[in-house]
Amino acid sequence: MVLSHGVGGSDESVHSTFASRYVRTSLPRFRMPEQSIPKEAAYQIINDELMLDGNPRLNLASFVTTWMEPECDKLIQASVNKNYVDMDEYPVTTELQNRCVNMIAHLFNAPLGDSETAVGVGTVGSSEAIMLAGLAFKRRWQNKMKAAGKPCDKPNIVTGANVQVCWEKFARYFEVELKEVKLSEGYYVMDPQKAVDMVDENTICVAAILGSTLNGEFEDVKLLNDLLMKKNAETGWDTPIHVDAASGGFIAPFLYPELEWDFRLPLVKSINVSGHKYGLVYAGIGWCIWRTKEDLPEELIFHINYLGADQPTFTLNFSKGSSQVIAQYYQLIRLGFEGYKNIMENCQENAMVLKQGLEKTGKFNIVSKDNGVPLVAFSLKDSSRHNEFEISDFLRRFGWIVPAYTMPPDAQHVTVLRVVIREDFSRTLAERLVLDIEKVLHELDGLPARVPSGDLAALAAAEASQKMDKQREVISLWKRAVLAKKKTNGVC
């Protein structure tokens, strides 16, 4: 007779993932676990926790692309293991990057000859691109001042107070004074005249924004160029302009081709743009384009050969993935000018649908402009009972992520909500969002009015006073009752 022997212990492979001990016990959060766990369990643990993240498609705070075609997703996955910096090993990827640089340079009207190649670089986003452009401006200014025998230890840059935080990072990290033109209620972009008035001999450049983060508005780069050219002629300086086109660089050429903001203006020496915004690529790609080779000092470019060949590099980081560069090239050739134009027009139309829906409620002032980045920034006409932050908070119950924020100085008393219209935000979603905002307004109207933070002290004082009045009233009534009793006791 054949005897079968049981094996002690339990075979983990026969258990379902949720029945295994790996999901029934807590893993350390801030220390590496001592033991390995099966790949299925690791995947399930992480996937379950990620379910608590918001839905990227409903994140209306972000300008960053959240949807691409499946064919591009395949290209991204196929190239995820390629290191972009290994140019000798991946020459085709390098070639695709160079093609992107030249396509974007021509889109921005760079003054290139028939056989001339553009000067530019792919970055991990506009923040890195701005750092590189700022370094180029600083080095050119330093070289000029040294040649003239003048001090070069106090560079400054002129911007509006509406700039993205990366400009503040550049100023702090690379020791450049940031001179900001303050905003005012109703005018939420940099005033070109005020900016030029702040320019001095130590100004390395004036930064103009094509598509303000706050309300999507384009700054008047043409007027800035004209005013600055006049000041340069009067002073003998040659202060240049950088255009931060992170959001608007892939919008203006298609929706506003006659608008002069790019290399058609002689003082514009460099432009940055985010491929992962309206360049329609997932997060992780930006571009910086220079007008000519002379605008990028050669001493900032490093040459390495330990990867197999001489390779020039001008970046803040070194290794990075190739996927986003390949994805950008896919979008440029897949969509072409016609496709980008159609998408941007669709985004603009959906922004108008949302704007009109908000106006019909009668509760909001529209802060954004019709021309600019397709977004809608709006504020309450009456915020005495409830404010924009409460609306933002209540909308999260419906899955919408709509940011509320205050404007920079000197318009910090203005609070707005902002909805960014991306390619994947359809007209149906725009109409749905208006309905949900109306529900939130109705719900808020049924709640007690909020107490402004500045009135809390006054409210506390009033409550204390009412309490004291009540105590006095009780004491007075008690005294009268005692006196009345005494009088009664004295009657025969």
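- In the annotation of an unreviewed UniProt entry, the entry for the chain reads Glutamate decarboxylase, and the organism field reads Urochloa decumbens.
- Per UniProt, the chain carries the Sequence similarities (unreviewed entry) text "Belongs to the group II decarboxylase family."
- Per UniProt, the chain carries the Cofactor (unreviewed entry) text "pyridoxal 5'-phosphate".

### A closer look at the sheet that holds strand E5 (residues 241–244)
Next, step 1: Strand order in the open sheet formed by seven strands is E1-E7-E6-E5-E4-E2-E3, and the pairing between neighbours is mixed. Looking along the sheet, the strands with just one partner apiece sit at the ends: strand E1 (119–123) and strand E3 (177–181). Going across the sheet, the axis of each strand differs from the next one's by a mean of 20°, ignoring polarity.
Next, step 2: Sheet analysis places E5 next to strand E6 (residues 268–274), joined by four bridges and oriented parallel. Along E6, the bridge assignment pairs Ile 241 with Val 268.
Next, step 3: Here helix H4 (residues 126–147) sits on the sheet in contact with E1, strand E4 (203–209), E5, E6 and strand E7 (286–290), set at roughly 165° to E6.

### What to know about unusual backbone geometry
Next, step 1: Residue Pro 409 is joined to Asp 410 through a cis peptide bond whose omega torsion reads 5°.
Next, step 2: Among the secondary structure elements, Asp 410 is positioned in the loop between strand E12 (404–406) and strand E13 (415–420).
Next, step 3: The phi torsion at Glu 175 lies on the positive side, around 55°, for a residue other than glycine.
Next, step 4: Turning to its location among the elements, Glu 175 is positioned in the loop between helix H5 (165–173) and E3.
Next, step 5: Look at Glu 175 and you get exposed, because its relative accessible area is 66%.

### Considerations on helix H3 (residues 91–107)
Next, step 1: Here H3 contains 17 residues, and its C-alpha end-to-end distance of 24 Å stays within 8% of the 24 Å for a straight helix at 1.5 Å per residue.
Next, step 2: Residues of H3 that are buried include every one of Thr 93, Thr 94, Leu 96, Gln 97, Cys 100, Val 101, Asn 102, Ile 104, Ala 105 and Leu 107, and no others.
Next, step 3: Those residues of H3 that are buried are in contact with E1, helix H8 (252–255), E6, E7 and helix H9 (323–361).
Next, step 4: Just beyond H3, the residue with positive phi is Asn 109, at close to 60°.

### Brief notes about the pattern of salt bridges
Next, step 1: Using the criterion set out here, one finds 18 salt bridges in the structure.
Next, step 2: Between Asp 200 and Lys 179 there is a salt bridge, with the nearest N and O atoms lying 3.1 Å from each other. In this pair, Asp 200 sits in the loop between helix H6 (192–198) and E4 while Lys 179 sits in strand E3, placing the two residues 21 residues apart along the sequence.
Next, step 3: Across the salt bridge formed by Glu 443 and Arg 397, the nearest N and O atoms sit 3.1 Å from each other. Placement of the pair is Glu 443 in helix H11 (residues 427–445) and Arg 397 in the loop between helix H10 (388–395) and E12, with a sequence separation of 46 residues.

### Description of H4
Next, step 1: When the terminal C-alpha atoms of H4 are compared, their 31 Å separation across 22 residues agrees well with the 32 Å that a helix rising 1.5 Å per residue should span.
Next, step 2: Just beyond H4, the residue with positive phi is Gly 149, at close to 70°.

### Details of the packing of aromatic side chains
Next, step 1: Going through the model one piece at a time under the given rule, you end up with nine aromatic pairs.
Next, step 2: Look at Phe 108 and Trp 261: their rings are 5.2 Å apart centre to centre, the planes differ by 70°, and that puts the pair in the edge-to-face class. Separated by 153 residues along the polypeptide, Phe 108 in the loop between H3 and E1 and Trp 261 in the loop between H8 and E6 bring together distant segments of the chain. For the pair Phe 108 and Trp 261, a shared accessibility class is recorded, and that class is buried.
Next, step 3: Here Phe 254 and Tyr 340 contribute two aromatic rings whose centre-to-centre distance is 5.3 Å and whose plane-to-plane angle is 10°, an arrangement assigned as stacked. Taken as a pair, Phe 254 in helix H8 and Tyr 340 in helix H9 lie far apart in primary sequence, 86 residues in all.
Next, step 4: Three or more aromatic residues joined by ring pairs make a cluster, and in this case those are Phe 250, Phe 254, Phe 337 and Tyr 340.
Next, step 5: Against the face of Tyr 84 rests Lys 320, its NZ or CZ located 4.6 Å from the ring centre.
Next, step 6: Sitting over the face of the ring of Phe 394, Arg 397 holds its NZ or CZ atom 4.0 Å from the ring centroid.

### Some words on the pairing of E4
Next, step 1: The element E4 is extensively covered by neighbouring structure, given that seven of its seven residues are classed as buried.
Next, step 2: As judged from the four bridges shared by E4 and E5, these two strands associate in the parallel manner. Paired with Ala 208 across the bridge in E5 is Val 243.
Next, step 3: Since E4 and E5 lie parallel, the crossover through helix H7 (residues 221–235) that links them has a hand, and here it is right-handed.

Conventions and cut-offs
- Residues numbered from 1 in each chain as written.
- Predicted model: local features only at pLDDT ≥ 70, side-chain atom pairs only at ≥ 80, totals over all residues.
- Heavy atoms only, no water.
- UniProt positions renumbered as here; feature names shortened; annotations may be inferred.
- Pairing = 2+ DSSP bridges.
- Helix = DSSP H or I, 4+ residues; strand = E, 2+ residues; numbered from the N terminus.
- Axes fitted to C-alpha atoms, helices over the stretch in contact; angles between N-to-C directions.
- Contact = heavy atoms within 4.5 Å.
- Buried < 20%, exposed > 50% of the residue type's maximum accessible area, 1.4 Å probe, protein only.
- Expected span 1.5 Å × (residues − 1).
- Salt bridge = Lys/Arg side-chain N within 4 Å of Asp/Glu carboxyl O.
- Phe/Tyr/Trp six-rings, centres within 6.5 Å; stacked < 30°, edge-to-face > 60°.
- Lys NZ or Arg CZ within 6 Å of the ring centre and 35° of its normal.
- Right-handed = clockwise from strand over helix to strand, strands pointing away.

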